[in-house]
Amino acid sequence: MEDNIIQSLNSIRTINSVVSNMSSSASTSTLSTTSTTSRTFPVSNYPKSKYSQQKYNNNYAHRKENGNNNHKDRSQTNYSPNYSLSQQPHYHHKKRYRDPSFVPREFQFFPKVPCKLIDFVGGVNYTQSQDNGVIFNRVVEYFRNITTTIEQEEKLLDFSFFLREISTHNNSTSDSKEDGFYVKVTQSDPKRFPPDKRHNCLSCDKESETYIFSSLAYPSSTREEVSICHNSWFDAKARSMFIITPKRHVERLSDCNDQEIFSMFLLAVQIIEQETRLSNAPWNGIRFAGMTLNHGNARNIEHLHLKIKINNRDFDHFKNFGWDDEKKERFKILQSGIYKRDERLHRIP
Ligand SMILES: [Zn+2]
């Protein structure tokens with residue numbers, strides 16, 4: 001039974017993010033080219049959790065007794081009893097080289113009509129049978145236009161991809177019809193190092209501890225046509241974000257089929273909506289700091305992954321008011337640095 005549960009889990013491999021400084025201005029053109037020299041590469045510290053082996057063992061035993069095998073809730077997994085916090089952590093500090101003379105090309109893509117992402121994908125309860133393909137096709141068309149423009153016309157394969165929402169009002173609770181999302185694509189420095197080669201792909205290796213602890217249950221609004229395409233995750237480094245990966249090992253958005261493209265962004269808004277709803281968040285609608293879907297040498301792991309970045313305070317609100325104890329404990333384990341100790345994910349020298 002445990003094998004079956006683990007088989008049903010999904011993985012994640014994580015990344016140091018490339019954060020581009022974002023301009024808050026928005027033009028109405030569907031494609032504009034600007035340039036910027038300001039890029040930052042944050043160096044993260046991951047606090048060690050006080051989570052003890054004793055507590056883990058108790059928790060593990062408790063879950064075994066309950067034996068909840070609800071496939072819809074992957075958080076109810078029986079974790080490996082061999083998990084140990086006593087192993088020596090392995091730290092990989094990726095060398096970064098930044099050429100001060102490099103001026104990246106930059107592109108912005110806006111939907112034809114200003115639109116919030118959640119509305120663009122038809123809302124969290126979107127159902128294909130009621131759509132006649134209208135919403136589905138416009139979403140696929142929008143993202144395919146980005147990949148075609150960047151990869152085929154501009155011949156760029158290394159780039160950061162950043163989706164954010166803008167508000168025409170300073171008040172973030174406003175609900176102006178002019179509010180909307182756009183995608184900014186920034187050329188990556190050609191001298192940047194490509195992703196490390198690792199022993200296993202975190203998003204594909206169902207045996208890794210990191211895979212098991214970072215797996216997230218699907219939101220209640222997620223339908224089968226979405227869940228068969230993607231897995232959802234905590235960030236393996238326990239940063240304030242959620243992550244979505246295609247179940248297939250693909251490395252580019254352009255390698256995704258239409259269903260995978262549509263489902264990725266629908267699942268993203270479903271995750272944020274559920275977190276917002278369950279935590280009774282005191283703001284209107286859903287909000288997020290940005291979503292990144294980096295390509296080529298702009299990413300730090302190979303498996304395509306959508307990072308849904310959440311403002312730290314919002315993330316804490318979700319955690320404090322929306323998560324059950326089990327979910328909080330799994331996050332603590334990730335905070336303890338399991339990713340760095342996970343030998344299955346080590347870099348190939
Ligand atoms: Zn993979």
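Residue positions are given per chain, counting from 1 as you read along its sequence in written order. This being a predicted model, a pLDDT of at least 70 is required before a residue's local features are given, and a value of 80 or more before pairs of side-chain atoms are given or counted; all residues contribute to the totals for chains, interfaces and linings.

So, on to the overall build of the protein. Secondary structure follows DSSP: runs of H or I at least 4 residues long count as helices, runs of E at least 2 residues long count as strands, and numbering of each begins at the N terminus. The number of helices and strands found in the protein is 10 helices and 10 strands. Any residue with 12 or fewer other C-beta atoms within 10 Å of its own C-beta is exposed, any with 20 or more is buried, and the rest are partly exposed; the C-beta atoms used are placed from the backbone. Within the span of the protein, comprising 349 residues, buried residues form 36% of the whole. Put simply, 77% of the contacts in the protein that link residues at least 6 apart link residues at least 24 apart. A pair of residues counts as a contact when their C-beta atoms, built from backbone coordinates, are separated by no more than 7 Å.

The next subject is unusual backbone geometry. The residue K155 is not glycine, and still its phi comes out positive at about 60°. When you line up the elements, K155 lands in the loop between α4 (134–153) and β5 (159–166). Not every positive phi belongs to a glycine, and N280 is a case in point at roughly 50°. Here N280 lies in the loop between α7 (258–278) and β9 (290–292).

Attention now moves to α7. Multiply 1.5 Å by the residue count of a helix minus one, and that product is the helix's expected span. The end-to-end C-alpha separation of α7 is 30 Å, in line with the 30 Å expected for 21 residues at 1.5 Å each. Of all the 21 residues making up α7, 16 are buried; the element is thus mostly covered by neighbouring parts of the structure. The positive-phi residue at the C-terminal boundary of α7 is N280, with phi of around 50°.

On to the nonpolar core. For this analysis, nonpolar core means a set of buried Ala, Val, Leu, Ile, Met, Phe, Trp, Tyr and Cys residues linked through C-beta atoms within 7 Å. V121, F265, A268, V269 and I308 are the most contacted members of the largest nonpolar core, which totals 67 residues. Discounting chain neighbours no more than four positions away, the residues touching V121 are Y126, I135, V139, F265, L266 and V269.

Among the 8 residues of β5, 6 are classified as buried, and the element is accordingly described as predominantly covered. As defined by bridge partners, β5 adjoins strand β6 (residues 180–187) across 8 bridges and the pair is classed as antiparallel. In the strand pairing of β6, F161 is matched with V185. Note that β5 and β9 share 2 bridges and pair antiparallel. Bridged to L163 within β9 is M291. Strands pair, by our definition, only if DSSP identifies at least two bridges between them.

Glancing now at the pairing of strand β10 (residues 306–309). In β10, alternate side chains face the same way, and those of L306 and I308 on one face and K307 and K309 on the other are all buried. Of the strand pairs in this sheet, strand β8 (residues 241–246) and β10 are connected by 4 bridges, and their pairing is antiparallel. Residue pairing across strands places M241 opposite K309, the latter belonging to β10. As judged from the 3 bridges shared by β9 and β10, these two strands associate in the antiparallel manner. Looking at the pairing, M291 lines up with I308 of β10.

The geometry of α4 relative to α7 is characterised by a closest axis approach of 9 Å and an angle of 95° between their N-to-C directions. For the element pair α4 / α7, the angle class is roughly perpendicular. In this structure, α4 contributes F136, V139, V140 and F143 to the contact, and α7 contributes D258, I261, F262 and F265. Only Asp, Glu, Lys and Arg are considered charged in this grouping, and only Ala, Val, Leu, Ile, Met, Phe, Trp, Tyr, Cys and Pro are considered nonpolar; every other residue, Gly among them, is considered polar. The class makeup of the residues in the contact of α4 with α7 is 7 nonpolar, no polar and 1 charged. Note on method: axes are straight lines fitted to C-alpha atoms, helices fitted across the in-contact stretch only, with angles between N-to-C directions ranging 0 to 180 degrees. Angle categories are assigned with fixed cut-offs, so that under 35 degrees is roughly parallel, over 145 is roughly antiparallel, 65 to 115 is roughly perpendicular, and the rest are oblique.

This part is about helix α8 (residues 312–322). Side chains of residues three or four places apart in an α-helix project in the same direction, reflecting 3.6 residues per turn. Taken residue by residue, α8 has D314, F315 and F318 as its buried positions. Viewed along the axis of α8, the buried residues span an arc of 105°, placing them on a single side of the element. In α8, the exposed positions that point more than 90 degrees away from the buried face belong to N312, R313 and N320. Taken together, the buried residues of α8 touch α7. The arc in question is formed by the directions pointing from the helix axis toward the C-beta atoms.

Counting through the fold element by element, N145 comes out in helix α4. On the basis of neighbour counts, which here come to 14 C-beta atoms within 10 Å, the residue N145 falls in the partly exposed class. Measuring from C-alpha to C-alpha, the distance between N145 and S254 comes to 9.8 Å, with 109 residues separating the pair along the chain.

As a per-residue quantity, pLDDT reports the predictor's confidence and falls between 0 and 100. When pLDDT is averaged along the protein, the result is 76; 69% of the residues meet or exceed 70. For the stretch residues 1–94, pLDDT sits under 50, and the model shows 153 contacts to residues farther than four places along the chain or on other chains.

Okay, the environment of N280 next. You can call N280 exposed: it has 9 C-beta atoms within 10 Å. A C-alpha to C-alpha distance of 7.4 Å links N280 and F321, two positions 41 residues apart in sequence.

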